[in-house]
Amino acid sequence: MTLRLHNTLTGAKDPFEPLEEDQVRMYTCGPTVWNFAHVGNLRAFLFYDIVRRHLQVSGYRVTHVMNLTDIDDRILDQAMHAGTTIGEYTKPYAAAFFEDMAALRAERAEQYPRATEHIPEMVEMIATLVANGNAYVADGDVYYRIASFPAYGALSHLDRAGLKAGARVASDKYDKEHVSDFALWKKAQPGDEKIGAAWDAPFGRGRPGWHIECSAMSKRYLGDTLDIHAGGVDLMFPHHENEIAQSEAANHKTYARVWLHSEHLADATGEKMSKSAGGFTTLRDLIDAGHDPLAIRFFLIANAHYRSRVRLSPEALHAAAEQVRRLREFTERVNRATPADSEDAEFAHRIEQVRAGYREALDDDLNLPQGVGLVFDLIREANAALDADRVGPNNKASLLELIDEVDAHLDVMRAEEPGLADEVERLIAEREAARKARDFARSDQIREDLRTRGIVLEDSKDGVRWRRVAPY
RNA sequence: GGCGACGUAGCCAAGUGGCAAGGCAGAGGUCUGCAAAACCUCCAUCCCCAGUUCGAUUCUGGGCGUCGCCUCCA
């Protein structure tokens with residue numbers, strides 16, 4: 001089965017075929033670094049991670065570009081209030097973004113271009129649009145002339161009439177030909193110089209509008225036509241629509257062949273989590289509350305399909321943590337298992353069935369939740385087989401291969417444990433001595449002490465094992 | 001007002017025109033010094049009403065409900 005992806009442009013699951021046979025050019029909308037990313041933002045970023053990983057699993061070389069928006073109205077406001085430059089203001093949030101991504105085990109993109117470092121590319125594209133008649137200068141501002149691009153609205157399936165009715169709050173200070181014309185360049189305002197938010201351009205000193213950065217930077221790093229462009233659903237209109245209008249008018253080429261949009265994360269009340277509405281949750285908040293980043297990763301990528309809304313709740317995070325624990329327990333068990341003398345042919349067949357089913361689920365528009373369901377089925381069967389000593393060397397090898405294939409997406413099973421503190425090892429040894437002496441009061445005392453510190457001991461016939469859990 | 005999505009067990013969730021995956025929580029059991037882990041067993045007439053069909057949770061229409069986009073937003 002070949003990879004099929006739900007393309008917003010066609011509204012269907014289309015077979016995926018990149019322009020070049022083995023190479024995928026992917027552009028994804030990254031964070032605006034005006035604040036910490038909230039968990040909803042991170043869901044989208046981890047969605048990109050799954051796309052990227054599955055493309056690699058499928059044999060493609062992936063060039064993935066994710067932008068950092070380090071100039072926009074909110075950043076200007078904040079820097080102004082803080083009495084600093086936009087560069088200084090955004091620095092910690094950009095750093096926090098990379099920390100969050102690392103904590104969530106997202107693979108790094110090939111490029112993370114920043115808007116403020118690509119002003120010349122943007123100015124050049126805007127100049128082209130003006131020269132082509134797709135944009136006009138109005139008192140130092142430059143606007144995109146939507147009337148010049150008939151295909152406008154094709155992605156979001158909104159027609160012009162609908163847009164006009166929707167443009168409610170657009171009557172501002174600007175002098176636009178049409179209410180839904182959007183800014184490519186904004187004339188410098190008093191105060192912009194002081195915070196480092198103004199650049200020279202043929203149409204006057206100012207700063208870029210939001211949408212132009214993606215068109216300019218994707219062209220710079222990936223060329224005129226992208227294989228995949230991904231983002232959250234809320235970017236579909238107007239952001240992605242505007243990108244298409246800009247890029248296709250400037251380059252006269254198809255901008256992106258496949259558009260992928262991930263659904264929102266909802267807060268506990270069921271409403272979309274959003275920065276502007278206030279009351280959003282960051283990764284830091286969840287970690288401070290005792291949640292394991294691996295569980296958060298699992299929840300965000302595997303609890304629900306990427307195109308369905310998912311609600312953040314402590315219960316859901318707990319369930320995810322339990323699933324991660326089970327996956328990791330299983331991985332360790334298979335790793336240390338002593339193979340049986342003979343193979344179980346029927347079990348071998350089951351492993352292959354699940355491997356095939358898992359691949360099919362992922363190929364079917366990245367249905368990770370379905371794939372994971374199959375894996376849990378097999379884990380139960382495999383545990384039973386291990387209990388009965390029916391897992392031969394080949395069976396074991398197949399299981400390990402399956403684990404690797406699944407972990408190529410999940411990346412939670414092989415994630416390393418922090419080393420044991422010497423003191424903890426000493427306590428385990430002391431408890432073993434107590435148990436041998438049948439001093440169970442002392443032995444239970446030690447186990448309980450460790451438990452309160454977040455370490456669980458398990459006795460087995462192969463010796464004592466430990467693992468970390470949330471302390472209580 | 002326009003466009004769109006969704007409604008599956010206590011909770012999360014996948015899925016299909018033919019007896020409804022998986023996880024969490026819960027109940028009982030096996031194992032264990034006690035636990036833990038693991039395993040076994042149990043736990044759903046798929047929002048409502050019509051229609052199409054031999055047969056619908058799955059298709060069509062209507063209703064109710066929730067949410068998203070149309071405005072900065074992953």
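All values derive from a computational prediction rather than experimental measurement.

Moving on to the sheet that holds strand 3 (residues 23-28). Taken in spatial order, the four strands make up an open sheet running 4-3-9-10, and their pairing is parallel. The open sheet has two edge strands, strand 4 (61-66) and strand 10 (256-262), and neither has a second partner. When the angles between neighbouring strand axes are averaged without regard to direction, this sheet yields 20°. With six bridges connecting them, strand 9 (residues 226-232) and strand 10 associate as parallel partners. The residue of strand 10 that forms the bridge with Leu226 is Ala256.

Let's shift gears to unusual backbone geometry. With an omega of 0°, the peptide bond between Phe237 and Pro238 qualifies as cis. Tracing the backbone through its elements, the reader meets Pro238 in helix 7 (residues 236-251). Although it is not a glycine, Asp389 adopts a positive phi angle of roughly 55°. Assignment of secondary structure puts Asp389 in the loop between helix 12 (368-387) and helix 13 (393-410). A positive phi angle, close to 55°, is found at Asp411, a residue other than glycine.

A few words on the nonpolar core. Of all hydrophobic cores here, the largest spans 127 residues; its most connected members are Leu55, Ile228 and Leu410. A per-element tally of this core places helix 1 (residues 39-57) first, with ten residues. Summarising the domain contributions, this core has at least three residues from each of domain 1 (4-262) and domain 2 (312-410). With residues up to four places along the chain from it excluded, the contact list for Leu55 reads Leu3, Phe16, Val24, Met26, Tyr60, Val62 and Ile228. The next biggest cluster of nonpolar side chains, apart from the first, holds seven residues, and it includes Val424, Ile428, Ile455 and Leu457.

A word on the domain arrangement of chain A. Assigned domains within chain A: domain 1 (4-262), domain 2 (312-410) and domain 3 (422-468). Taking only C-alpha atoms, the centre of domain 2 and the centre of domain 3 are 29 Å apart.

Looking now at the pairing of strand 14 (residues 463-468). Here strand 13 (residues 455-460) pairs with strand 14 via six bridges, running antiparallel. The residue bridging Asp459 from the neighbouring strand is Val464, located in strand 14. Counted along the chain from strand 13 to the antiparallel partner strand 14, the turn is two residues long.

The tally for this structure, following the rule as stated, stands at 44 salt bridges. With a closest N to O distance of 2.5 Å, Glu430 and Arg442 form a salt bridge. Here the residue Glu430 occupies a position in helix 14 (residues 422-436), and Arg442 occupies one in helix 15 (residues 440-452), the gap between them amounting to twelve residues. Residue Glu430 is classed as partly exposed on the basis of its relative accessible area of 30%. Assessed through its relative accessible area of 31%, Arg442 is described here as partly exposed. Ionic contacts of the salt-bridge type, sharing partners, join the residues Asp49, Arg52, Arg53, Arg105, Glu107, Glu110, Arg297 and Asp411 into one network.

Moving on: the packing of aromatic side chains. Tallying each qualifying case throughout the model produces 15 aromatic pairs. Over the aromatic face of Tyr306 sits the side chain of Arg307, whose NZ or CZ is 5.9 Å from the ring centroid.

Remark: helix 1 packs on helix 13, axes separated minimally by 8 Å, with the N-to-C direction vectors making an angle of 145°. Taken together, the residues of helix 13 that come into contact with helix 1 (itself represented by Ile50, Arg53, His54 and Val57) are Asp407, Ala408 and His409. Tallied by class, residues from the contact of helix 1 with helix 13 come to three nonpolar, two polar and two charged.

This part covers the sheet that holds strand 5 (residues 135-138). Taken in spatial order, the four strands line up as 5-6-7-8 in an open sheet, and their pairing is antiparallel. Single-partner strands in this sheet number two, and they are strand 5 and strand 8 (206-208). Averaged over neighbouring strand pairs, the angle between their axes works out to 20° when direction is ignored. Looking at chain direction, strand 5 and strand 6 (residues 141-144) are connected through four bridges and run antiparallel. Bridge assignment links Ala135 to a residue of strand 6, and that residue is Tyr144. Here helix 4 (residues 119-132) sits on the sheet and contacts strand 5, strand 6, strand 7 (183-187) and strand 8; the angle it forms with strand 7, its principal contact strand, is near 110°.

We now examine helix 6 (residues 212-222). Within helix 6, eight of the eleven residues are buried, leaving the element largely enclosed by the surrounding structure. Following helix 6 by one or two positions, Gly223 has its phi on the positive side, about 95°.

Of note, Gln246 is situated in helix 7. One polar contact links Gln246 to Ser215, side chain to side chain, over a distance of 2.9 Å. When sequence neighbours within four positions are dropped, the list of residues in contact with Gln246 reads Leu129, Tyr144, Phe182, Leu184, His211, Ile212 and Ser215.

Calculation criteria
Residues numbered from 1 in each chain as written. Chains lettered and ligands numbered in written order. Predicted model: local features only at pLDDT ≥ 70, side-chain atom pairs only at ≥ 80, totals over all residues. Heavy atoms only, no water. Pairing = 2+ DSSP bridges. Helix = DSSP H or I, 4+ residues; strand = E, 2+ residues; numbered from the N terminus. Axes fitted to C-alpha atoms, helices over the stretch in contact; angles between N-to-C directions. Core = buried A, V, L, I, M, F, W, Y, C linked by side-chain atoms within 4.5 Å. Buried < 20%, exposed > 50% of the residue type's maximum accessible area, 1.4 Å probe, protein only. Domains from an automatic or database assignment. Contact = heavy atoms within 4.5 Å. Salt bridge = Lys/Arg side-chain N within 4 Å of Asp/Glu carboxyl O. Phe/Tyr/Trp six-rings, centres within 6.5 Å; stacked < 30°, edge-to-face > 60°. Lys NZ or Arg CZ within 6 Å of the ring centre and 35° of its normal. Nonpolar A, V, L, I, M, F, W, Y, C, P; charged D, E, K, R; others polar. Polar contact = N/O pair within 3.5 Å; in protein donor to acceptor, adjacent residues only side chain to side chain.

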